[in-house]
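# Understanding the architecture of this molecule
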Amino acid sequence: MAGSTKNRGYAVYLIPGMIASIAVIVVPLVMTVYISFTKWTGIGSPRWVGFDNYTRLFEDANFWASFGHIILLIIAMAVIPTFLGLVLAAVLFDYVAKKFSDRWASVLRSGYYLPQVLPVAVTGIIWGWILHPSYGALNKIMESIGLGSLTRNWLGDPKYALYSVMFVMIWFQLGYPIVMFMSGLQRIDPELYEAADLDGATWWQRFRKITVAMIRPELYVVLVTTTIASLKIFGQIFVLTRGGPSNATLVPSYFAYKNFFEKAQVGYGSAISTVLTVLIVILAIVFLRLQNRAERS
Amino acid sequence: MTLTATRASTSRTPERVSLRERHPARFFILALLLVLLLLIVAPLLVVAINAVKSPADYAANGPLALPHHLYWQGIVDFWNRANFGLKLWNSFITSIVVAVLGVILSVFNAYALGIGRVKGRLWFLVFFLIANLLPQEVLVYPLYYLSKQVGLYDSLWSVIIIFTVIQSAFGTYLLTSVYTEFPKELLEAAAIDGAGKWRSLWRVVVPVSRPTLAVLFTFFFIWTWNEFFLPLIFLISNDNQTVPVALGVLQGDRMMDATTTSASALIGIIPAMIFFLIFQRTLTRGIAAGAIK
């Protein structure tokens, strides 16, 4: 009881935040879920159609394709960067910093992180130009070193477009896990490594048993944030390919955007975004559960 | 700290010297890491050398040759065509206002949740966590519709209000965990001196947590600067566009050739690089802070 009287008066400070959140998050969220059960062009009033949008969605090849592409993008944005980042962070922290100097390690780290600070649109412009079939740098370089037969329309050919986007996303994402893991590694007691050395452990054994085990919290955070980021990807797709060619790089958020603002099928677009949201929230809950269990054990 | 300690202790052991002699391979590893660095930075370098190259020079010598002379016309032309000064100003004003308001809102929320421990704080935290995870696609159409109703469509204010709320959801989550550990003695001392909650907040809590607030400010500024999706939808007139939107929508433009494109990319990169250099220390520290919670 004493605690509750002492703490009285703090709730006032939540009022501005809650009003703002209700206006900008809760109300639009509820509206979108409602609209997803209607047919609406954005003008006039929405007409209730029940689950029509959802049944249509599950029969729509484009919808399945867009989620299929997301799986490949999760590999490019979450799985590969996390794995590469883990190895690179360990090498930088445990090898370069010790055998060379901290300065080398931090210069390399900053360099790898650089793509992360660029605005998404700029990333798209850079790569859109490098991969351009006629005036792009990559094809020009390949021609000049005699690989002219291997030049491709990297972003314009449905066979290669998604792989090109995946490559760009690995380039973009790699720095984030490196920085996160290196900061986590600071926590490790150097004596652990010395003890392992005395026991004659190889670098690989130390990496698995000490490095990976100690930065497990960062590992969780990186995997879940990058996975959610790949589910939400929009900017790079918009600037690089606009979901094309012939929907080869279509992703859910761009699919929803097209329905909202190009086709005026607001109900259908809302159904797509609702499904995407449900997926993300489920993923976040699973992640929190796993994290809690890991912390308790 | 840990790093220097490690180095000091290993350099004293004799094994380290023998390791150094036995392993010329270590330079091989460093060389590999440097090649990777070059691969990552190469696209930016290619953009930089082609941004200052004349179209004729590019046609004759290709993308990899250094420019014969520095040719600034591409950048000047793009700057004027896109009215880039105005775009920079729009981005700057939006990002700075969001960063300030977002930090203030996060402080208020976290003050109530972390220090005040108001009833149902766990549910509020779950709410802010989920708000922070939601894809913007699920909010965008109603926001677009409502902003038209209240006359905020195509105004920087619509973007400022939305991003203040979205960013502060993250800020609240992070800052609450910091404030939960806030030293109680400081607050009790302030209360004994007769300070109310409002004065304690500004005289004790905010000054003590200033480093965390600086990190949040930096995050909010850069995130807002880089945002693309919502500004693309809300800022349709030329005079209201932010830098990423201006650059993004010009990509479909037929007038964009290789050198103009690099010029546009370069002037998009430069502000980001400046922020990166200014904020680098706060950022690396802040990413670490985000990792723990």
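As a reminder, the structure under discussion sits directly above these lines.
What you are looking at is a predicted structure, and each value in this text was computed from that prediction instead of being measured.

Residues Val-122 of chain A together with Tyr-111, Ile-162 and Leu-216 of chain B are the most contacted members of the largest nonpolar core, which totals 131 residues. Those residues in contact with Val-122 of chain A that lie beyond four places of it in its chain are Leu-247, Ala-265, Gly-268, Ile-269 and Ala-272 of chain B.

Turning our eyes to something else, we now look at the packing of helix H4 (residues 61-99) of chain A against helix H3 (residues 25-51) of chain B. One way to put it is that H4 of chain A packs onto H3 of chain B with a least axis distance of 11 Å and a crossing angle of 125°. Between H4 of chain A and H3 of chain B, the crossing angle belongs to the class labelled oblique. Remark: the crossing between H4 of chain A and H3 of chain B carries left-handed chirality. Touching Val-91, Tyr-95, Val-96 and Lys-99 of chain A of H4 of chain A are Arg-26, Ile-29, Leu-30 and Leu-33 of chain B, all from H3 of chain B. Residue composition of the contact of H4 of chain A with H3 of chain B, by class: six nonpolar, no polar and two charged.

This part covers the packing of helix H2 (residues 15-35) of chain A against helix H15 (residues 266-296) of chain A. Residue and element names in this part refer to chain A. Interhelical geometry of H2 versus H15 gives an angle of 115° and a closest axis separation of 7 Å. Considering how the two elements wind past one another, H2 and H15 form a crossing that is left-handed. Between H2 and H15, the contacting residues are Thr-32, Val-33 and Ile-35 on the first element and Val-266, Gly-267, Ser-270, Ser-273 and Thr-274 on the second. A class-by-class count of the residues in the contact of H2 with H15 yields three nonpolar, five polar and no charged.

So, about the environment of Val-159 of chain B. Residues and elements named next belong to chain B. In this fold, Val-159 is placed in helix H9 (residues 156-180). The class for Val-159 is buried, based on 27 C-beta atoms found within 10 Å. In the structure, Val-159 is positioned 12 residues away from Ser-147 in sequence and 10.0 Å away in space, judged by C-alpha atoms. Apart from the residues lying within four places of it in its own chain, the contact partners of Val-159 are Thr-94, Leu-230, Pro-231, Phe-234 and Leu-235.

Cut-off values and rules
- Residues numbered from 1 in each chain as written.
- Chains lettered and ligands numbered in written order.
- Predicted model: local features only at pLDDT ≥ 70, side-chain atom pairs only at ≥ 80, totals over all residues.
- Core = buried A, V, L, I, M, F, W, Y, C linked by C-beta atoms within 7 Å.
- Buried ≥ 20, exposed ≤ 12 C-beta atoms within 10 Å, placed from the backbone.
- Contact = placed C-beta atoms within 7 Å.
- Axes fitted to C-alpha atoms, helices over the stretch in contact; angles between N-to-C directions.
- Helix = DSSP H or I, 4+ residues; strand = E, 2+ residues; numbered from the N terminus.
- Parallel < 35°, antiparallel > 145°, perpendicular 65-115°, else oblique.
- Left-handed = near helix turned anticlockwise from the far one by under 90°.
- Nonpolar A, V, L, I, M, F, W, Y, C, P; charged D, E, K, R; others polar.

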